[in-house]
2 protein chains.
Amino acid sequence: MSANRDIEALIDMMARLPGLGPRSARRAVLHLIRKRALLMTPLADLMQQVAATARECLNCGNIGTGDICEICASDKRANGMICVVEDVADLWAMERSGVFKGRYHVLGGTLSALDQIGPDQLRIPRLVDRVDSENVTEVILALNATVDGQTTAHYIADQLEGRVTLTSLAQGVPIGGELDYLDDGTITAALNARRKV
Amino acid sequence: MSANRDIEALIDMMARLPGLGPRSARRAVLHLIRKRALLMTPLADLMQQVAATARECLNCGNIGTGDICEICASDKRANGMICVVEDVADLWAMERSGVFKGRYHVLGGTLSALDQIGPDQLRIPRLVDRVDSENVTEVILALNATVDGQTTAHYIADQLEGRVTLTSLAQGVPIGGELDYLDDGTITAALNARRKV
Ligand SMILES: [Zn+2]
Ligand SMILES: [Zn+2]
C-alpha cells in the first residue's frame, strides 16, 4: 500500500461509520486530505469538541451538552405532552417537521427478546416516573412501524393504561407518495384508516 | 433543533463528504457520539495527525507524508515503467490488485475544456520530464474509460509518441461479470478485443 499507516488507519475507522463502506471511506479520506485546511482540520477540531461535551440527557435520553437537554430545560415547550421515540435520530426528524411543541422521551431502542433488551434498558421505568412527576396528560407513541417498534408501543401502553391519554402517529400514504411504490402494509393501513372527503 | 450548535455544525461538515448526504451524516454523527471514547476521539486524533502530515509527492502526485512518496522512494519497485492514473483512488485500486510493480504518475484529473483544465494543471509536463530523466521504456495509460479519460490518454500519447512504448489496460467483461448487466460499450469493446480460446 502506498498510503502511509495513518491514512490507512483513518480509512479503516471511517469505514466503520454507518452508511460508509471501504470504498466510500477511501473517497471521503481523499477528499479530506485534499481539503485539509478548509475541512479536515476544522472537522477534527469539532469532533474533539463534541466528543468532550456531548452526553445523554438524564431526564429524556436526548443528546445535548448538559445533564439536562435544551428541550427538557426550555420554558417555551408545552408541558403535559411527551412524544416517545426510539432514538435521537427520530427526535431530530420530529423537530425538523416543527409540528410538535411538547417534550420527548428517547427510549434508546426497542424491546427485543432476541437481543435481550428489556424495559430497564429502554428508560421505560423513567417514562412511567415522568408521566406522574410532570403531570403528563398525553403520551404520543411515535415508534417505528416495525414488529419490534409496535411490540414496544404495546408494552408501554400496558404500563400507562388508565393514567394518561395514549396516541400514536397516523399511518397512511406519505405526502406525494405513489401507491405503486408503497408496500402492502402501508396500503392496508391507509385503507383501514380511510376518511370521508 | 434540540442538538446543540456544535453537533449541528458537525453534521453539516460530515454531510459535505462524498457519499454522505444529510441523513447519513446525522446517522454517522449519532454513531460517533454513542462511541465517543472508542471511535470519535481516536478518529479526531487521527484526522489531526493526517491533516498535519499528508502531502502530495513532488515527483508523482501520490499522497504520502514526505516530499517524495514511498513508491517513488522505494528501491523494491521496478524502474522503467510508469502507470498513469487519474487520481490517488485509482493508484490505491491498482496497488490492491498487487499486480503492478513499477512506478506511478497521478494526473490529478482529466483534461476538460469545460472546466478549463489543461495539461499544466495535470502534471503532464512533469510526466514528460520523468520519461526522459527516469529512463522509462513503457508508459501504461490506466485512465478511466470515460470521454475525458480517453481524450487525456490520447493527448498524453501524442506528447510521448516515439519516445516510449505506450500501452493501456485491456477492456472487456469483468471477472464474474454477467453480460446482462454490462453496458453496450463494454460488450462492444469485449467483442472487438475477442481472442481465440
Ligand atoms: Zn432531555
Ligand atoms: Zn511519488
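First, a word on what this report is: a plain description of the structure on this page. Quantities reported herein were computed from a predicted structural model and do not represent experimental measurements. (Residues numbered from 1 in each chain as written. Chains lettered and ligands numbered in written order. Predicted model: local features only at pLDDT ≥ 70, side-chain atom pairs only at ≥ 80, totals over all residues. Heavy atoms only, no water.)

1. Looking at the relation of the copies chain A and chain B
Thought 1: Once chain A has been moved 0.0 Å along the axis and rotated by 180°, it coincides with chain B to within an RMSD of 0.1 Å. What the superposition gives is, in effect, a two-fold axis relating one chain to the other. Within chain A, Ala44(A) has its C-alpha nearest the rotation axis, a separation of 2.3 Å.
Thought 2: A shared interface surface links the copies, since 100% of the contact residues of chain A are contact residues in chain B too. (Least-squares fit on C-alpha atoms with pLDDT ≥ 70 in both. Contact = heavy atoms within 4.5 Å.)

2. Considering the coordination of the zinc ion (ligand 2)
Thought 1: Looking at the metal site, the zinc ion (ligand 2) is ligated by Cys57(B) (SG), Cys60(B) (SG), Cys69(B) (SG) and Cys72(B) (SG), spaced 2.3 to 2.4 Å from it.
Thought 2: One can describe the site at the zinc ion (ligand 2) as tetrahedral: its four donor atoms subtend angles covering 104 to 115° at the metal. (Donors = N, O, S within 2.8 Å, 3.2 Å for Na, K, Ca; no water. Tetrahedral: all angles 85-135°; square planar, octahedral: opposite > 155°, others 65-115°.)

3. Examining the pattern of salt bridges
Thought 1: Across all of its chains, the model carries 12 salt bridges over all chains by this definition.
Thought 2: Across the pair Asp132(A) and Arg163(A) runs a salt bridge, and its minimum N-O distance is 2.8 Å. Separated by 31 residues along the polypeptide, Asp132(A) in helix α6 (residues 124-133) and Arg163(A) in the loop between α7 (147-160) and β6 (165-168) bring together distant segments of the chain.
Thought 3: Residue Asp132(A) is classed as partly exposed on the basis of its relative accessible area of 45%.
Thought 4: Using a relative accessible area of 41% as the deciding quantity, one classes Arg163(A) as partly exposed.
Thought 5: Between Asp67(B) and Arg55(B) there is a salt bridge; the shortest N-O distance is 3.0 Å. Here Asp67(B), found in the loop between β2 (63-64) and α4 (70-73), pairs with Arg55(B), found in strand β1 (residues 55-56); they are 12 residues apart in sequence, far enough to count as distant.
Thought 6: Look at Arg55(B) and you get partly exposed, because its relative accessible area is 35%. (Salt bridge = Lys/Arg side-chain N within 4 Å of Asp/Glu carboxyl O. Helix = DSSP H or I, 4+ residues; strand = E, 2+ residues; numbered from the N terminus. Buried < 20%, exposed > 50% of the residue type's maximum accessible area, 1.4 Å probe, protein only.)

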